[in-house]
Amino acid sequence: MSYSIAEAARRSGLSIDTLRYYERIKLLDPPARDTAGRRAYSDDDLNWLGFLTKLRTTGMPIKSMREYASLRRHGVASAGRRKALLVEQRRSVAERIAELQGCLDVLDYKIENYERVEQKVLGIEPGMEEISA
């Protein structure tokens, strides 16, 4: 199956400009061309774009993504280095999740505190709001 650049953009969630940019910076191999010379993206291209999108979502820098893409072209000989890049990115994501969990804990504490304040101001004792509902 092949897809036009517009269809590849729609399916990947990326813009046409982003697809061209990824090709220009060598994150994406140039797609095949149809008989009219237009880009024809394959399912493999779309799967790769999906993976690149996940890497960007994790905050992986473009420089590291480019290294990964370059290594990918070398096949299994580069598996160790590609794995190392992903292990490092996973560590970074885990640290960010822990940081965000700490932020979430603070927000939960503050929200609960404001709920207690609101109940006190309104003269509602804990558990009373359930009785009147």
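In what follows, the structure referred to is the one given above.
A few points on the structure. (Residues numbered from 1 in each chain as written. Predicted model: local features only at pLDDT ≥ 70, side-chain atom pairs only at ≥ 80, totals over all residues. Heavy atoms only, no water.)

1. What about the sheet that holds strand β3 (residues 39-42)?
- Here we have 3 strands laid out as an open sheet, ordered β1-β3-β2, and antiparallel in their pairing. For this open sheet the edge positions go to β1 (2-3) and β2 (32-33), each flanked by a neighbour on one side alone.
- Relative to β3, β1 is paired through 2 bridges, and the arrangement is antiparallel. From the neighbouring strand, S2 faces β3, where its bridge partner is S42.
- Docked against the sheet, helix α3 (residues 43-57) engages β1 and β3, running at close to 75° with respect to β3. (Pairing = 2+ DSSP bridges. Helix = DSSP H or I, 4+ residues; strand = E, 2+ residues; numbered from the N terminus. Contact = heavy atoms within 4.5 Å. Axes fitted to C-alpha atoms, helices over the stretch in contact; angles between N-to-C directions.)

2. A short note on the pairing of β3
- The pairing of β2 with β3 spans 2 bridges and is antiparallel. Paired with A32 across the two strands is A40, which belongs to β3.
- Taking the residues that link successive antiparallel strands as the turn, the β2-β3 hairpin has 5 residues, and the phi of G37 there is positive, at about 90°.

3. Some points on the nonpolar core
- Counting 22 residues, the largest nonpolar core has L19, Y22, L27, Y41, L49, L52 and M65 as its most contacted members.
- Taken together, the elements giving at least two residues each to this core come down to α1 (5-12), α2 (16-24), α3 and α4 (62-72).
- Top element by residues in this core is α3. It accounts for 5 residues.
- Apart from the residues within four sequence positions on either side, M65 is in contact with Y22, L27, L52, L55, R56 and M60. (Core = buried A, V, L, I, M, F, W, Y, C linked by side-chain atoms within 4.5 Å. Buried < 20%, exposed > 50% of the residue type's maximum accessible area, 1.4 Å probe, protein only.)

4. Section: a negative patch on the surface
- On the surface, D105, D108, E112, E115 and E118 cluster together into a negatively charged patch.
- Among the secondary structure elements, E118 is positioned in helix α5 (residues 79-122). (Patch = residues over 30% accessible without salt bridge, like charges linked within 9 Å, V, L, I, M, F, W, Y side chains within 5 Å. Areas by Shrake-Rupley, 256 points an atom, 1.4 Å probe, with all protein chains shown as cover. Salt bridge = Lys/Arg side-chain N within 4 Å of Asp/Glu carboxyl O. Lys, Arg positive; Asp, Glu negative; His and termini not counted. Charge placed at Lys NZ, Arg CZ, Asp CG, Glu CD.)

5. With respect to α4
- Those residues of α4 that sit buried are M65, Y68, A69 and L71. On an axial view of α4, the arc spanned by its buried residues comes to 165°, and they lie on one face.
- Where α4 is buried, its residues contact α2, α3 and α5. (Arc of directions from axis to C-beta.)

6. A closer look at the environment of Y22
- As for its position among the elements, Y22 is in helix α2.
- You can call Y22 buried: its relative accessible area is 6%.
- The spacing of Y22 and L49 is 27 residues in sequence and 9.1 Å in space, taken between C-alpha atoms.
- With near-sequence residues (within four places) excluded, Y22 lies in contact with L14, L27, L28, L49, L52, R56 and M65.

7. Quick look at a nonpolar patch on the surface
- A cluster of nonpolar side chains, Y114, V117, V121, L122 and I124, forms an exposed patch at the surface whose accessible area comes to about 510 Å².
- Of note, V117 is situated in helix α5.
- For V117, a relative accessible area of 40% gives the class partly exposed.

8. Describing the packing of α1 against α2
- At their nearest, the axes of α1 and α2 sit 9 Å apart, and the two run at 100° to each other. Considered as vectors, α1 and α2 are oriented roughly perpendicular to each other. Every residue of α2 that contacts α1 at I5, A6, A8, A9 and S12 is listed here: I16, L19 and R20.
- A class-by-class count of the residues in the contact of α1 with α2 yields 6 nonpolar, 1 polar and 1 charged. (Parallel < 35°, antiparallel > 145°, perpendicular 65-115°, else oblique. Nonpolar A, V, L, I, M, F, W, Y, C, P; charged D, E, K, R; others polar.)

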